[in-house]
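A structural walkthrough
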Amino acid sequence: VSGLGTVQAFYTIKIKAQVDGVILKMPFNEGQDVKEGDTLVLIDPSIYQARLEQAQAQKQRATVQLENAKTNLWRDEELLKHDFATQKQTDQDRMLVGQYSADIAQYEADIKYWQAQVAYTNIRSPINGRIGIRHVDPGNLVRAQDNTTLVTVVQLQPISVIITVPAKEPVSYTH
């Protein structure tokens, strides 16, 4: 039985940027086989790395402030027991402990966010497959909101073959 057929990849992945930045490298040749995890596009991470370091420094400062506020609160609570401190001062120190604790939680969230942004600057292949034609070149500025396909990766193994057979032909399937 003869018929027309099409070979079709099970997976076709359009690689797009999740962060804005200048493309530093695209370390592959078009048509090259790539493995899952191989770097396909490297976007300049410097801005995101600086923001990450800023959030880490803010957390460190808030941690020191929290420790100082806890020490002051403990002292004021001890002095309040003997009427050597005011309730107002103790309440203020308690408020500062809460404020610095909240600041630390915010900076921890910022750190996770900026770590993710830094990770998005190194775009890796999500599958084993073959790389297609590059749609942008190193040196170009990419923006996540533009939704531009940078390159495509297709899976070659396993692959699907779709064959059209005339309806009048008997077909038998074997596994």
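Figured I'd write up the structure that's included with this text. (Residues numbered from 1 in each chain as written. Predicted model: local features only at pLDDT ≥ 70, side-chain atom pairs only at ≥ 80, totals over all residues. Heavy atoms only, no water.)

**Points about the layout of surface pockets**
Regions of empty space are outlined by a rolling probe, equal in size to a water molecule, passed over the atoms. Inclusion rule: Points on a 1 Å grid over protein atoms alone make up a cavity when a 1.4 Å probe fits among them but cannot get out, and a pocket when they form an open set with protein on both sides within 12 Å along at least five of seven lines; lining residues each have an atom within 4 Å of a point. Grid points are joined across faces, edges and corners, and a volume is the space filled by probe spheres set on the points. Helix and strand definitions here come from DSSP, where helices need a minimum of 4 consecutive H or I residues and strands a minimum of 2 consecutive E residues; each element is numbered from the N-terminal end. Residue classes follow a fixed rule: Ala, Val, Leu, Ile, Met, Phe, Trp, Tyr, Cys and Pro count as nonpolar, while Asp, Glu, Lys and Arg count as charged, and any other residue, Gly among them, counts as polar.
When its volume is computed, the largest pocket comes out at roughly 180 Å³. Listing elements by their share of the lining of the largest pocket, those giving two or more residues are β4 (33–34) and β7 (129–131). Broken down by class, the residue content of the lining of the largest pocket amounts to 2 nonpolar, 4 polar and 3 charged.

**A few points about the sheet that holds strand β3 (residues 21–25)**
Stated precisely, the cut-off is as follows: By definition, two strands form a pair when at least two bridges between them are found by DSSP.
The strand order across the open sheet built from 4 strands is β6-β5-β3-β8, with neighbouring strands paired in antiparallel fashion. The sheet is open, and its two borders are formed by β6 (122–124) and β8 (141–142), each paired with just one other strand. With 2 bridges connecting them, β3 and strand β5 (residues 39–43) associate as antiparallel partners. Bridging from a neighbouring strand, Ile23 pairs with Ile43 of β5.

**A look at the packing of helix α1 (residues 46–81) against helix α2 (residues 87–120)**
Convention followed: Between N-to-C directions, angles span 0 to 180 degrees; the directions come from axes that are lines fitted to C-alpha atoms, helices contributing only their stretch in contact. These descriptions rest on fixed angle ranges, namely under 35 degrees for roughly parallel, over 145 for roughly antiparallel, 65 to 115 for roughly perpendicular, and the rest for oblique. The crossing is said to be left-handed when, going from far helix to near helix, the turn is anticlockwise and less than a right angle, and right-handed when the turn is clockwise.
Orientation of α1 relative to α2, taken along the N-to-C sense of each, is 160°, at an axis distance of 8 Å. Taken together, the axes of α1 and α2 are roughly antiparallel relative to one another. Note that α1 runs across α2; the crossing there is left-handed. Residue composition of the contact of α1 with α2, grouped by class: 16 nonpolar, 12 polar and 11 charged.

**Concerning the pattern of salt bridges**
To keep things clear, this is the line we draw: Any Lys or Arg side-chain nitrogen found within 4 Å of a carboxyl oxygen on Asp or Glu counts as a salt bridge. Only protein chains enter the calculation, and the probe is 1.4 Å; a residue is then buried if its accessible area is under 20% of its type maximum, exposed if over 50%, and partly exposed in between.
Applying the stated criterion to the full structure yields 7 salt bridges. Residue Lys59 pairs with Glu108 through a salt bridge whose shortest N-O separation is 3.4 Å. Linking Lys59 in helix α1 with Glu108 in helix α2, this pair joins segments that are 49 residues apart in sequence. For Arg94, the salt bridge is made with Asp91, and the minimal N-O distance between the two is 3.3 Å. Highlighted residues: Arg94 and Asp91, both in helix α2, separated by 3 residues, approximately one helical turn. Relative accessible area serves as the criterion here: at 39%, Arg94 is assigned to the partly exposed category. Residue Asp91 is classed as partly exposed on the basis of its relative accessible area, which comes to 37%. Salt bridges here are not isolated pairs; linked through shared partners, they connect Glu77, Asp91 and Arg94.

**Focus: the sheet that holds β4**
The strand order β2-β9-β7-β4 describes an open sheet built from 4 strands, whose pairing is antiparallel. Of all strands in the sheet, those bounded by a partner on one side alone are β2 (12–16) and β4. Two strands pair when backbone bridges link them, and β7 and strand β9 (residues 149–154) are joined in this way by 2 bridges, in the antiparallel orientation. By the bridge assignment for β9, Ile131 is matched with Val153.

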